[in-house]
Protein chains: 4
Amino acid sequence: MTGGPRLVLRDQKPQGTQVRLGPGLVVGGRAFVVMAGPCAVEDEAQIAEAADVVASAGCAVLRGGAFKPRTSPYSFQGLGAPGVRLLLEAARRHRLAAVTEVLDDDDLAGLEGVALLQVGARNMQNFALLKALGGLRRPVLLKRGMAATVDEWLLAAEYLLAAGNEQVILCERGVRGFDPSTRNTLDLAAVVLAKQRTHLPVIVDPSHATGRTELVIPLSLAAAAAGADGLLVEMHPWPSTALSDGDQALLPDGLRELMRKLPPVLGAVGRELWRSEPMRRAVAR
Amino acid sequence: MTGGPRLVLRDQKPQGTQVRLGPGLVVGGRAFVVMAGPCAVEDEAQIAEAADVVASAGCAVLRGGAFKPRTSPYSFQGLGAPGVRLLLEAARRHRLAAVTEVLDDDDLAGLEGVALLQVGARNMQNFALLKALGGLRRPVLLKRGMAATVDEWLLAAEYLLAAGNEQVILCERGVRGFDPSTRNTLDLAAVVLAKQRTHLPVIVDPSHATGRTELVIPLSLAAAAAGADGLLVEMHPWPSTALSDGDQALLPDGLRELMRKLPPVLGAVGRELWRSEPMRRAVAR
Amino acid sequence: MTGGPRLVLRDQKPQGTQVRLGPGLVVGGRAFVVMAGPCAVEDEAQIAEAADVVASAGCAVLRGGAFKPRTSPYSFQGLGAPGVRLLLEAARRHRLAAVTEVLDDDDLAGLEGVALLQVGARNMQNFALLKALGGLRRPVLLKRGMAATVDEWLLAAEYLLAAGNEQVILCERGVRGFDPSTRNTLDLAAVVLAKQRTHLPVIVDPSHATGRTELVIPLSLAAAAAGADGLLVEMHPWPSTALSDGDQALLPDGLRELMRKLPPVLGAVGRELWRSEPMRRAVAR
Amino acid sequence: MTGGPRLVLRDQKPQGTQVRLGPGLVVGGRAFVVMAGPCAVEDEAQIAEAADVVASAGCAVLRGGAFKPRTSPYSFQGLGAPGVRLLLEAARRHRLAAVTEVLDDDDLAGLEGVALLQVGARNMQNFALLKALGGLRRPVLLKRGMAATVDEWLLAAEYLLAAGNEQVILCERGVRGFDPSTRNTLDLAAVVLAKQRTHLPVIVDPSHATGRTELVIPLSLAAAAAGADGLLVEMHPWPSTALSDGDQALLPDGLRELMRKLPPVLGAVGRELWRSEPMRRAVAR
């Protein structure tokens, strides 16, 4: 069709796009990148503790929402700009890159320093936002809409590239399904298709995809085996008190278990887990 | 749940909300209101001809998109602000109210004179847009997201009411389904639930719900029998040349047939079709 | 495609198929036929009382399951052959036709006297059962599978016709969806498509489609307006004690209300409600 | 709920059920079992060639349909009993176990010698068939219905166990979704849930789940990483001439590639690939 994706297609860039999030930190290369942290930044102690766990587990990127897209106007809406500052401070202390969601291009000014700007599932076809982000030269994480076809997802990415921004990472986070036993249905076939059809990196969010802590590790390993380039995973230091999505967050121990189990699976498919410089040196010894 | 809908609930206003779109034109009262017109305003001749057909068929409101949310960045994106002017001019000439979609609150300045501001299915959970529209005192048409539950839809409306705007009309436009024989799956149970649970008017878009011209009339009659307060229906004077969604648009004759078939069904459920003043006088004679 | 439906297509029989269920009782003609009764035959008192309500409300057919396809092996499985006898006895006493589900062709011997043999949604593609029923010369009610496309549904009917049985009534009962606010999603577009594409009568089961009593009447009226040929509706004389599906059954008063509200809607679309001979005479006076 | 699964639950048998399909061939143990072959047995040459490829690639089980549940009555319905004989002969020549679908308990007599009796997705809730198979003491492969929840799937298995047959293997084969880019949506979370909640082995059919050859290998590796106990995969020696489902079948080279890529992934999660005795000896040298 004349309206189909073009710039995102693999034949435009057969070697694949690598999105750089910081010194030595690239998504879409050989290294598999784990981004972890709480659903929402709640206060200084929580995000500081989370950053500590995330860094010591060997992850590359700290996640934490400051502007939260909540189904109900009466749910916690995030701390806003002050939340971004807490996130960045916690990340900087541990030399982590930071990823957070942007809901409105008016908020972009307060998001300087954020390495990766997330477009959430609900905004995948918010074309005004896509066009604004397409005008930047900053990495964007584009989540698949909750009932978006792969074609629609790729075309949403095409909006970013057509506006001039090539630094796009795709993120599968589960699609809406009929079975209440999981929050969404993780669609790993879409990850493989997106990898085959485009030159963009593709990561997986197993936390929103399943909504259940006990499914996060096995499905993370499955994502790695299927060829994903990384993970976006929820970890909360104290999930029982979380202001949002506590049921699906890993505990610190769970994150550490995940980071222990990933390397052999990645090795089996010719990849490796991203490690910070000090970690790599420690492992080498 | 603490995060559930409150202000939209029927017990807040048992008599129901009536949204006024113009002199003698109210949605949510006894009269069933038909809004019709092309998917997109394409040029002056097209929207003028459409307005002529819409008015002479006895409809109340002219629809026509100027800012189009298109899946592909390479598809026709609408005429923008000039399209709004053409729409308003055509509507004014026939004393029709106008409804058009808003994608970005930055465009609101150019939408003065539009009686009803549509939030499209893709933006149902664009909370930045909802908050901006909640701050206005103008009627808003809130389409159900393509995979939104009824609860999520009502909570999106709650964002508008919580921000102070009570002039909200809900619109069911089909949900995403597995059967390629229709574009979406029209969910009339959601219409009945929304009417029972809230005090807001609820209308139906049978064109996007089905994507097939030959289904529009029977499903419009079904919507009327189920208790909907109106319709938003696509009619194109020359559908074979339409720049978008030509397959689902009624021809002028189809719109006239619909307007002939609605009154008996509405009468059977204690409603009546909205008619313009001259039409009512003509019918009375 | 070579494998598509043929014998069921409308051009094979433009005037439409009429399926005769008893003296003066035809589905697919001008009269709209309501089939009502409990989900399951529970005991003699219950089905006798149900038959009394169904007949006095003016319905044509008594429904009641004897062989129940239950999701769990520990749920009530129906009374089996004795249930069939109770159903037939109750129906005969009121000159009602009877409809009941068949799960296994080995049970057909015990189903003599049943006017309409139902193939349930779970068995829509039980081709062994379809072939067995195709070899009979008895009316079959073919429910749409819970995730069957319209094409698959028509092809399941094609199995019956290809095996020689033309007495087939289609029944839409809702498809599986993502929204827990209804048990299934009633797909009235499928009813219209099936009517347009085939010569078979099509009825609607609003009880299973919604799972909620308060939605049954409005959606029944919608089905009538959309062009359905009848309804299969659950009514239980004492729903709070029902052994299955009590939440979706109409009370006797609800059934009477439905039968009062249907005639004007049917009249609006050129149809009429089927009435038994004595009722017609009573109405005529 | 009182009607929930009981006998299938893991706490009934914490060590897990192992289903024996032949000498040294067990599903549900440490070894991961690959079952491969064509969708349908077409003729002697085809199934003989397929068996040769399957055995030499190191797979354990030969699949091939003889009684085919086809959507259209005009599609190839399988060779029936003669097809079973061809399948068994080909399997025996290579010391492979055989798996084939059963549509009707009347066909069971002709299925002596088949190691594993498959209940297809369309028959997952064909309770008459489940009860008949529950009365046997033979291994049954229960595919998940195309829109069955995990609970419904486990309850279908419960029918088999409640009737006395514990030799049950579950098979995820994708659920119906809205995205035409794959035939179905592979739901690996359901595999993990089924493994966690029950003591039954769970395998994955990546061929029907995706309908696309190029997705089969990555998703097979993902299934292995997620903890599945095996695969049921389509391989056709000459897919372009296949009478059914040619688009999703691996070529012989694809099957060999899969069998080369599985061992490292299995090793990474503490499992190993099942190998025939001669193969194990050859590998050991």
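Here the structure is shown first, and the text comes after it.
Right, let's walk through the structure included here.

About the criteria used
- Residues numbered from 1 in each chain as written.
- Chains lettered and ligands numbered in written order.
- Predicted model: local features only at pLDDT ≥ 70, side-chain atom pairs only at ≥ 80, totals over all residues.
- Heavy atoms only, no water.
- Helix = DSSP H or I, 4+ residues; strand = E, 2+ residues; numbered from the N terminus.
- Rg over C-alpha atoms; globule rule 2.2 N^0.38 Å.
- Buried < 20%, exposed > 50% of the residue type's maximum accessible area, 1.4 Å probe, protein only.
- Areas by Shrake-Rupley, 256 points an atom, 1.4 Å probe, with all protein chains shown as cover.
- Lys, Arg positive; Asp, Glu negative; His and termini not counted.
- Charge placed at Lys NZ, Arg CZ, Asp CG, Glu CD.
- Contact = heavy atoms within 4.5 Å.
- Buried area = accessible area lost by both parts, 1.4 Å probe.
- Salt bridge = Lys/Arg side-chain N within 4 Å of Asp/Glu carboxyl O.
- Pairing = 2+ DSSP bridges.
- Arc of directions from axis to C-beta.
- Least-squares fit on C-alpha atoms with pLDDT ≥ 70 in both.
- Core = buried A, V, L, I, M, F, W, Y, C linked by side-chain atoms within 4.5 Å.
- Polar contact = N/O pair within 3.5 Å; in protein donor to acceptor, adjacent residues only side chain to side chain.
- Phe/Tyr/Trp six-rings, centres within 6.5 Å; stacked < 30°, edge-to-face > 60°.
- Lys NZ or Arg CZ within 6 Å of the ring centre and 35° of its normal.

## A short note on the overall build of chain A
Right, so step 1: Tallying secondary structure elements over chain A gives nine helices and eleven strands in all.
Right, so step 2: Taking 19 Å as the expected radius of gyration for a compact globule of 285 residues, we find that chain A reaches 17 Å, a close match to that expectation.
Right, so step 3: For the C-alpha atoms alone, the extent of chain A along its principal axes is close to 50 × 45 × 40 Å.
Right, so step 4: With 285 residues in all, chain A has 67% of them scored as buried.
Right, so step 5: Counting every atom, chain A has about 9400 Å² of accessible surface; 50% of that belongs to carbon and sulfur.
Right, so step 6: If you average the places of the 32 positive and of the 30 negative side-chain charges in chain A, the two averages end up 5 Å apart.

## So, the interface of chain A and chain B
Right, so step 1: At the interface, 32 residues of chain A touch 32 residues of chain B.
Right, so step 2: Roughly 2600 Å² is buried in total at the junction of chain A and chain B, and carbon and sulfur atoms are behind 53% of that figure.
Right, so step 3: Put simply, chain A and chain B have two salt bridges between them.
Right, so step 4: The salt bridge partner of A:Arg176 is B:Glu152, with a shortest N-O separation of 2.6 Å.

## Focus: the pairing of strand E3 (residues 31–37) of chain B
Residues and elements named next belong to chain B.
Right, so step 1: In terms of burial, E3 is a largely internal element, seven of the seven residues being buried.
Right, so step 2: Relative to strand E11 (residues 272–273), E3 is paired through two bridges, and the arrangement is parallel. Bridge pairing in E11 places Ala31 opposite Glu272.
Right, so step 3: Looking at chain direction, E3 and strand E10 (residues 230–234) are connected through five bridges and run parallel. Following the sheet pairing, Val34 is matched in E10 by Leu231.
Right, so step 4: As paired strands, E3 and strand E4 (residues 61–63) are joined by two bridges and run parallel to one another.

## Considering helix H3 (residues 127–134) of chain B
Residues and elements named next belong to chain B.
Right, so step 1: Looking at H3, one finds that the buried residues are Phe127, Leu129, Leu130, Leu133 and Gly134. Buried residues along H3 cover an arc of 155° about the axis, so they all sit on one side.
Right, so step 2: Close packing links the buried residues of H3 with strand E6 (116–119), strand E7 (140–143) and helix H4 (150–162).

## Looking at the relation of the copies chain C and chain B
Each of the two copies of the chain can be brought onto the other by a rotation about an axis and a shift along it.
Right, so step 1: You can overlay chain C on chain B at an RMSD of 0.0 Å; the transform is a turn of 180° with a shift of 0.0 Å along its axis. In the structure described here, the two chain copies are related by an operation that fits a two-fold rotation axis. Closest to the rotation axis within chain C is the C-alpha of C:Ala222, separated from it by 2.0 Å.
Right, so step 2: Most of the interface of chain C is mirrored in chain B, where 100% of its interface residues are also at the interface.

## Digging into the nonpolar core
Right, so step 1: Counting residues in each nonpolar core, the largest one holds 167 residues, and the members touching the most others are A:Leu142, A:Leu255, A:Leu262, D:Leu142, D:Leu255 and D:Leu262.
Right, so step 2: When neighbours within four sequence positions are excluded, D:Leu142 is seen to be in contact with D:Val119, D:Met124, D:Leu130, D:Trp153, D:Ala156, D:Ala157, D:Leu160, D:Val168, D:Ile169, D:Leu170 and D:Cys171.
Right, so step 3: Counting 166 residues, the second largest nonpolar core, distinct from the first, contains B:Leu160, B:Ala222, B:Leu262 and C:Leu193.

## Focus: the side chain of C:Lys68
All names here are of chain C.
Right, so step 1: Within the fold, Lys68 resides in the loop between strand E4 (61–63) and helix H2 (81–93).
Right, so step 2: Within the structure, Lys68 has its side chain in polar contact with the backbone oxygen of Cys39 (distance 3.1 Å).
Right, so step 3: Beyond its immediate chain neighbours, meaning those up to four positions away, Lys68 contacts Cys39, Ala40, Phe76, Gln77, Gly78 and Leu103.

## As for the packing of aromatic side chains
Right, so step 1: In the structure shown here, the tally under the stated rule is four aromatic pairs over all chains.
Right, so step 2: Seen from their ring centres, B:Phe127 and B:Tyr159 are 4.5 Å apart, and the 25° between their planes marks the pair as stacked. One end of the pair, B:Phe127, is in helix H3; the other, B:Tyr159, is in helix H4, and 32 residues separate them in sequence. Neither residue differs from the other here; B:Phe127 and B:Tyr159 are each classed as buried.
Right, so step 3: Taking NZ or CZ as reference, C:Arg6 lies 3.9 Å from the ring centre of D:Tyr74, over its face.

## Describing the pattern of salt bridges
Right, so step 1: Inspection of the entire model under this criterion finds 64 salt bridges over all chains.
Right, so step 2: Note that D:Lys195 and D:Asp229 form a salt bridge whose closest N and O atoms lie 2.7 Å from each other. Taken as a pair, D:Lys195 in helix H5 (residues 188–197) and D:Asp229 in the loop between helix H7 (213–226) and strand E10 (230–234) lie far apart in primary sequence, 34 residues in all. Accessibility classification places D:Lys195 together with D:Asp229 in one group, the buried group.
Right, so step 3: Residues joined in a network through salt bridges with shared partners are A:Arg144, A:Glu172, A:Asp187 and D:Asp179.

These figures capture arrangement, not role.
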